[in-house]
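Close look at the chain arrangement
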Amino acid sequence: MKKFIQTLLVSVAVVTASLAAHAADYKPHIVRFGYGLAEDSNQGRAAKFLVEDLGKRTDGKFHMKGFASAALGSDIQMQNALIGGAQEMTVVSTATLVGIVDDFGVFDLPFLFANEKEADTVLDGPVGQKLMAKLEAKGLVGLVYWENGFRNLTNSKRPIAKMEDLKGVKLRVMQNPMYIDMFNAMGANAVPLSFSELFTALESKTVDGEENPVNTVESSKFYEVQKYLSITRHVYSPWIVLASKKWWDGLSADEKNAVRASAVASRDFERKDSRAEGARALEDLKKKGMQVTVLAEPELERMRQTARPATAKFAAAGHAELVKEVEAEVTRLRK
Ligand code: TK8
């Protein structure tokens, strides 16, 4: 009996010790997660998922709060807030990161990806990860890519069925030289503007049109101020989930692992959800009164040719290797 009790005590001690060793090191944290779209959007739903998942994963220690509709600032303002340590996390378009790491412009190459599979493979593969790693030296930690999606054109002037129809259209674009070059080459008048100012700019006719995935045209209610939608899928646009490096460096290894794991889970949720929504959005937008034009393949090909110098210019600005690497990967995937 004595021997039995001894053995029991020893095993209790061993179990307790190993539990203590594995009890994750989570401390209370308040995490402000800012994003540009409405709460009722694919971005908002994924933000909600992230908040809940991270809460569960950290035994309620991480209190993440989502701030929709650019309440904490535009994409660029939030990036700067993260760098300065005034905000913990955000999700922004990679296109708006080019002022910090210009290599991110590679994802804005016109007509680079043909489908989501190509985008996922490149973003989650070596190229996407290599670009994320470059952010650290600038004060940002890249976690995962969410899907913004293939971009299409909307405007209030006229149906765009061919490139020439863009002539004189004041088109809002993201603050990124590739978009400015591409649309000016096509005859539009590209106006860089932050997303947070876009609805008002469309409503007041400061600009005639914009370009975004159909999900965003719907969730941002652009159909209220835009009559015409043209399906061009000219760029596949990723979102990137970022953390402030200043904040990140203060987290324990367990905390970092939890944030990373939740980010990955949110990515898988978000891509699935965005794709399901995208498949419905076009019909919804028609019902809401938008006139939809699907560009014919020869017209898209003319757009591709016209946009080519924009790619060449990016390559010549010190990104030749990167462009080659991404194009080679796409070619490989198409075989
Ligand atoms: C939201 C933006 C948006 C992007 C744009 O903050 O600016 O047009 O497509 O999703 O990042």
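1. Some details on the domain arrangement of the protein
Annotation of the protein at the domain level lists domain 1 (17-101 + 115-147 + 238-277) and domain 2 (152-235 + 282-334). For domain 1 versus domain 2, the separation of C-alpha centres amounts to 26 Å. At the junction of the two partners, domain 1 supplies 22 residues and domain 2 supplies 20 residues. Between domain 1 and domain 2 the total buried area reaches about 1,700 Å² when both faces are included, carbon and sulfur atoms providing 62% of it. Our count for the contact surface shared by domain 1 and domain 2 stands at 2 salt bridges. Among the ionic pairs, Lys130 bridges to Glu325, the shortest N-O distance being 2.7 Å. Every element with two or more residues in the side of domain 1 that touches domain 2 is listed here: helix H4 (116-124), helix H5 (126-133) and helix H10 (253-287). Its residues assigned to classes, the side of domain 1 that touches domain 2 shows 9 nonpolar, 9 polar and 4 charged.

2. Concerning the pairing of strand E3 (residues 89-93)
On a regular strand, one side chain projects to one face of the sheet and the next to the other, so that they alternate. With 5 of its 5 residues buried, E3 lies for the most part within the structure. Sheet analysis places strand E1 (residues 29-34) next to E3, joined by 2 bridges and oriented parallel. From the neighbouring strand, Phe33 faces E3, where its bridge partner is Met89. Taken together, the 5 bridges between E3 and strand E10 (residues 236-244) define a ladder with antiparallel strand orientation.

3. Observations regarding helix H3 (residues 75-84)
Quick reminder: α-helices carry 3.6 residues per turn. Residues three or four places apart thus point the same way. Three or more residues of H3 are buried, namely Asp75, Met78, Gln79, Ala81 and Leu82. Considered in projection along H3, the buried side chains sweep an arc of 160° and stay on one side of the axis. Next to the buried residues of H3 lie E1, E3, strand E4 (140-150) and E10. Following H3 by one or two positions, Gly85 has its phi on the positive side, about 85°.

4. Describing the site of the ligand
Near the ligand you find Gly36, Leu37, Asp75, Ser93, Asn148, Arg151, Arg172, Met174, Phe195, Asn212 and Trp239, and these make up its full shell. Separating an oxygen atom of the ligand from a side-chain N or O atom of Asn212 is a distance of 2.6 Å. Within the side chain of Trp239, an N or O atom sits 3.0 Å from an oxygen atom of the ligand. For the ligand, whose unbound accessible area comes to 310 Å², protein coverage reaches 98%. Most atoms of the ligand, that is more than half of them, are within 2 Å of grid points of the largest cavity.

5. What about the packing of H5 against helix H11 (residues 297-334)?
Two elements in contact, H5 and H11, have axes separated by 10 Å at closest approach and are oriented at 145°. Contact with H5, carried on its side by Val127, Lys130 and Leu131, involves Leu322, Glu325 and Val326 of H11 and no other residues of that element. A breakdown of the residues in the contact of H5 with H11 according to their chemical character gives 4 nonpolar, no polar and 2 charged.

6. Remarks on the pattern of salt bridges
Counted under the stated rule, the structure contains 28 salt bridges. Between Glu88 and Arg32 there is a salt bridge, and its shortest N-O distance comes to 2.7 Å. Taken together, the residues Glu88 in the loop between H3 and E3 and Arg32 in strand E1 connect sequence positions 56 residues apart. According to the relative accessible area criterion, Glu88 is buried, its value standing at 8%. Ionic pairing is found between Arg45 and Asp273, a salt bridge with its closest N-O pair at 2.8 Å. Taken together, the residues span a long stretch of sequence, with Arg45 in helix H2 (residues 42-57) and Asp273 in helix H10 at a distance of 228 residues. Via salt bridges that share partners, Asp120, Asp124, Glu147, Arg267, Asp268, Arg271 and Arg275 belong to a single interconnected network.

7. Description of the side chain of Thr311
Turning to its location among the elements, Thr311 is positioned in helix H11. Look at Thr311 and you get buried, because its relative accessible area is 15%. Once residues within four sequence positions are removed from consideration, Thr311 is found in contact with Leu109, Pro110, Met178, Val323 and Glu327.

8. Some points on the packing of aromatic side chains
Applying the stated criterion across every chain yields a total of 10 aromatic pairs. Pairing Phe104 with Phe107 gives two aromatic rings, centres 6.3 Å apart and planes at 55°, and the pair type is tilted. In this structure, Phe104 and Phe107 share a single accessibility class: buried. Centre to centre, the rings of Phe113 and Tyr236 are 6.1 Å apart; their planes meet at 75°, and the pair counts as edge-to-face. Here Phe113 is found in the loop between E3 and H4, whereas its partner Tyr236 is found in strand E10, with 123 residues between them in sequence. Each member of the pair, Phe113 together with Tyr236, is buried. An aromatic cluster of at least three residues, connected via ring pairs, comprises Phe33, Tyr35 and Trp146.

Scoring rules and cut-offs
- Residues numbered from 1 in each chain as written.
- Predicted model: local features only at pLDDT ≥ 70, side-chain atom pairs only at ≥ 80, totals over all residues.
- Heavy atoms only, no water.
- Domains from an automatic or database assignment.
- Contact = heavy atoms within 4.5 Å.
- Buried area = accessible area lost by both parts, 1.4 Å probe.
- Salt bridge = Lys/Arg side-chain N within 4 Å of Asp/Glu carboxyl O.
- Helix = DSSP H or I, 4+ residues; strand = E, 2+ residues; numbered from the N terminus.
- Nonpolar A, V, L, I, M, F, W, Y, C, P; charged D, E, K, R; others polar.
- Buried < 20%, exposed > 50% of the residue type's maximum accessible area, 1.4 Å probe, protein only.
- Pairing = 2+ DSSP bridges.
- Arc of directions from axis to C-beta.
- Near = heavy atom within 4 Å.
- Polar contact = N/O pair within 3.5 Å; in protein donor to acceptor, adjacent residues only side chain to side chain.
- Areas by Shrake-Rupley, 256 points an atom, 1.4 Å probe, with all protein chains shown as cover.
- 1 Å grid on protein atoms, 1.4 Å probe; cavity = no way out; pocket = protein on both sides within 12 Å on 5 of 7 lines; lining within 4 Å.
- Sits in = over half its atoms within 2 Å of the grid points.
- Axes fitted to C-alpha atoms, helices over the stretch in contact; angles between N-to-C directions.
- Phe/Tyr/Trp six-rings, centres within 6.5 Å; stacked < 30°, edge-to-face > 60°.

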